[in-house]
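Chain by chain, the residues:
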Amino acid sequence: MANADKPHGAKWIRSISGQNPIINKYVTPAADGTALFVGDFVTIDDSVGADANGMPSVIQASAGGPLTGVVMGFEPVPTNLETMHRLASTARVVLVCDDPYAVYQIQDDGVTDAGAVLQAEIGENTEIVASVTGSSTSGLSGMELDGDVTGTATAQLRILRLAQIPGNEIGAWAEYEVMINEHDIKSTTAGVA
């Protein structure tokens, strides 16, 4: 039976430390023209740094750079309680799981390597596919794991295992457990430049 193509971004499932999800508040500036969805990977916005209260600013992550964490939700906007995602060009408080030891479940994009992550590639590193838009109906991300596994030390995600859920099998659009490999907090660089 083939896996269904149902992207949902990254879903927190546990932490290697055994803790509940560590969620911190961040902000998105109104100047940022990209919408954010639950399950999107985000990174520190180095053009802004933080707001006037010192709360760090994040933007949607792209492939090939350090990640801060995953969007778990948003503080409500009193004038629009139905909005499940952060609209583009809107200042918003974002709730981010920024635990460097969090484990997430994410769908393979099913595009390369004969259609998916290969069995021999479990344990290797790969990038995210960020060039997809989330759903304004469900509020969920469209991000996926890049099936073209790079195996390089600086790739964004480490593939831990095939998610052990009924009907999930190695192949196109399989669900995998991953950790952030290239995490802002674990980085040995000088910090956000």
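The paragraphs below set out a description of the structure included in this document. Since the model is a prediction, treat every value here as computed from it, not as a measurement. (Residues numbered from 1 in each chain as written. Predicted model: local features only at pLDDT ≥ 70, side-chain atom pairs only at ≥ 80, totals over all residues. Heavy atoms only, no water.)

### Details of the side chain of Gln60
Following the sequence through the fold, Gln60 ends up in strand β4 (residues 58–60). Within polar-contact distance, the side chain of Gln60 engages the side chain of Asp40 at 3.0 Å. Aside from chain neighbours lying at most four places away, what touches Gln60 is Thr34, Ala35, Leu36, Asp40, Phe41, Val42, Thr43, Ala130 and Met143. (Helix = DSSP H or I, 4+ residues; strand = E, 2+ residues; numbered from the N terminus. Polar contact = N/O pair within 3.5 Å; in protein donor to acceptor, adjacent residues only side chain to side chain. Contact = heavy atoms within 4.5 Å.)

### Examining the pairing of strand β7 (residues 102–107)
Among the six residues of β7, six are classified as buried, and the element is accordingly described as predominantly covered. Relative to β7, strand β1 (residues 11–15) runs antiparallel, the two sharing four bridges. Within β7, the residue paired with Lys11 across the bridge is Gln105. One ladder, built from five bridges, connects β7 with strand β12 (residues 175–180); its direction is antiparallel. Within the sheet, the bridge partner assigned to Gln107 lies in β12 and is Glu175. (Buried < 20%, exposed > 50% of the residue type's maximum accessible area, 1.4 Å probe, protein only. Pairing = 2+ DSSP bridges.)

### A closer look at the environment of Thr28
For Thr28, the location among the structural elements is in strand β2 (residues 23–28). Overall, the relative accessible area of 2% leaves Thr28 in the buried class. Considered as a pair, Thr28 and Gly73 are 45 residues apart in the sequence and their alpha carbons are 13 Å apart. Excluding residues within four positions of it along the chain, Thr28 makes contact with Leu36, Ser57, Val58, Arg86, Thr90, Ala91, Arg92 and Val94. One polar contact links Thr28 to Arg86, side chain to side chain, over a distance of 3.0 Å.

### Structural notes on the pattern of salt bridges
For the structure on display, the rule yields four salt bridges. Residue Glu75 is joined to Lys25 by a salt bridge in which the shortest nitrogen-to-oxygen separation is 2.6 Å. Placement of the pair is Glu75 in the loop between β5 (69–74) and β6 (92–97) and Lys25 in strand β2, with a sequence separation of 50 residues. Here Glu177 and Arg161 are joined by a salt bridge, their closest N and O atoms 3.1 Å apart. Of this pair, Glu177 sits in strand β12 while Arg161 sits in strand β11 (residues 157–162), placing them 16 residues apart in sequence. Under the relative-accessibility criterion, Arg161 is labelled partly exposed at 36%. (Salt bridge = Lys/Arg side-chain N within 4 Å of Asp/Glu carboxyl O.)

Any link to function would need more than the numbers given here.
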